[in-house]
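Coordinates in review
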Amino acid sequence: MNSGEELAPAVQSILETARERTGGEPGDVSVSARSLPDALARAESDGRVPVIAEVKPTSPTTDGTREDDPAELARAMVEGGAAAISVLTEPTHFGGSPEALTQVREAVDVPVLRKDFLLREEHLDVVEADLILLIVRFVDDGAHLEELIDGARERGFQPLVEVHDRAELETALEAGADIIGVNNRDLGKLEVDLGTFEAVAPDTPEDVTLIAESGVSSPEDVRRMRAAGADALLVGSAIMAEGDVTDGTRRLTTAETNTDAESEMETDTETQI
Ligand SMILES: O=C(O)c1ccccc1NCC(=O)[C@H](O)[C@H](O)COP(=O)(O)O
């Protein structure tokens, strides 16, 4: 695993569980993927902020579990303008499953990301998805990352490679990543800082699809991440916390077109306080 920095106990536990999980057999999975860059471009041309909305039943930083049908949640998110859907498939800490992902992918026609903690090539052979997540911090070294990126592409997946700082960005680029997510949640203390994306984004080449992950909870956060260069935003908790996930998603996908109304509402709220 990369970096000597301490991981939060919850993250250590996620990692231990991931190491023990077995995968499928080579040849079990071959995907004809829906293109993420195309889906993001479609959102842009419709005037929607490209949001990857996440079906996230629970997490180490969330109270309680949301038991809704994942396919219904995903349909509702797409109705709210989501350009793509992310589905947690990690069962122990996030309440997800590969079956939930399959149901979601059948229910919507946008790209679907498998959000999980994949450490070995066999972990890729579990379920079809349009994208899979690889986390630089969890992979032994650059050579292993390159192997996983190549393995993902051979199966038809688009690999989304997650980084937390410039050194990890360099590792991701050297390994051939062309879709990169900068996670604003640090895996040491699980604290969220949108400044993480702002620090890493300027060093990312133009031709990389760049995604701001975690901690985006308001239209203002959306505008901040977009101003810093985000091609898309990955949002889980803020949408899942809403009773109506269509409204929760729309609030973010319209953040660049509804700025006046939103500002008025923010000002009204401040005046009332
Ligand atoms: O979300 C957590 O509590 C968490 C804890 C430890 C490791 C990973 C974690 N989240 C995974 C994610 O990457 C997020 O689900 C995703 O980026 C969305 O973040 P958010 O919008 O802040 O829910």
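What counts and what doesn't
Each chain has its residues counted from 1, running along the sequence as written. Two thresholds apply to this predicted model, a pLDDT of at least 70 for residue-level local features and 80 or more for giving and counting side-chain atom pairs, whereas whole-chain, interface and lining totals are computed over all residues. Exposed residues have 12 or fewer other C-beta atoms within 10 Å of their own C-beta, buried residues have 20 or more, and residues in between are partly exposed; the C-beta atoms are placed from the backbone. To define a nonpolar core, we join buried Ala, Val, Leu, Ile, Met, Phe, Trp, Tyr and Cys residues through C-beta atoms within 7 Å and take the resulting set. For the purpose of contact definition, each residue receives a C-beta atom placed from its backbone, and two residues are in contact when these atoms lie within 7 Å. Helix and strand labels come from DSSP, where a helix needs a run of H or I of at least four residues and a strand needs a run of E of at least two; each type is numbered from the N terminus. Strands are treated as partners if at least two bridges between them are detected by DSSP. UniProt positions are given in the numbering used here, feature names are shortened, and annotations may be inferred rather than shown by experiment. Each axis is a line fitted through C-alpha atoms, and for a helix only the stretch in contact is used; angles between axes span 0 to 180 degrees, taken between their N-to-C directions. The arc in question is formed by the directions pointing from the helix axis toward the C-beta atoms.

1. Let's talk about unusual backbone geometry
The phi angle at Leu-190 is positive, at roughly 65°, despite the residue not being glycine. Given 16 C-beta atoms within a 10 Å radius, Leu-190 is considered partly exposed. Despite not being glycine, Ser-214 shows a phi value in the positive range, around 75°.

2. Describing the nonpolar core
One finds Ile-52, Ile-85 and Leu-233 to be the most contacted residues of the largest nonpolar core, which totals 78 residues. The residues contacting Ile-52, other than those within four sequence positions of it, are Ala-82, Ala-83, Ala-84, Ile-85, Ser-86, Leu-113, Ile-211, Ala-232, Leu-233 and Leu-234.

3. Brief notes about the environment of Arg-166
Looking at where Arg-166 falls in the secondary structure, it is placed in helix 7 (residues 166-174). Exposure remark for Arg-166: the 13 C-beta atoms within 10 Å place this residue in the partly exposed category. As a C-alpha pair, Arg-166 and Ile-239 span 73 residues in sequence and 29 Å in three-dimensional space. Look past the residues within four positions of Arg-166 in its chain and what remains in contact with it is Val-200 and Asp-203.

4. What about the pairing of strand 3 (residues 112-115)?
Every regular strand shows the same layout, with side chains that alternate between the two sheet faces. Burial along strand 3 is two-sided: the face carrying Val-112 and Arg-114 and the face carrying Leu-113 and Lys-115 are both buried. Strand direction decides the pairing type here: strand 2 (residues 84-88) and strand 3, joined by four bridges, are parallel. Of the residues in strand 3, the one forming a bridge with Ile-85 is Val-112. Note: strand 3 against strand 4 (residues 131-135), two bridges, orientation parallel. When the sheet's bridge partners are listed, Leu-113 is paired in strand 4 with Leu-131.

5. A word on the UniProt feature "domain: Indole-3-glycerol phosphate synthase" (unreviewed entry) in the chain
Taken from the UniProt record, the annotation "domain: Indole-3-glycerol phosphate synthase" (unreviewed entry) applies to residues 28-252. Span residues 28-252 is 37% helix and 17% strand, its end C-alpha atoms 37 Å apart.

6. Observations regarding the sheet that holds strand 4
Around the barrel, eight strands lie side by side as 1-2-3-4-5-6-7-8; this closed barrel has parallel pairing. Averaged over all neighbouring strand pairs, the angle between strand axes comes to 25°, with direction disregarded. Packed onto the sheet, helix 3 (residues 70-79) meets strand 1 (51-55) and strand 2 and runs at close to 160° relative to strand 1.

7. Thoughts on helix 7
Of the positions making up helix 7, those classed as buried are Glu-168, Leu-169, Thr-171 and Ala-172. What you see down the axis of helix 7 is that its buried residues fit within an arc of 160°, all on one side. Looking at the buried side of helix 7, the elements it contacts are helix 6 (142-154), strand 5 (158-163), strand 6 (179-183) and helix 8 (195-200). Of the residues flanking the end of helix 7, it is Gly-176, one or two places downstream, whose phi is positive at about 100°.

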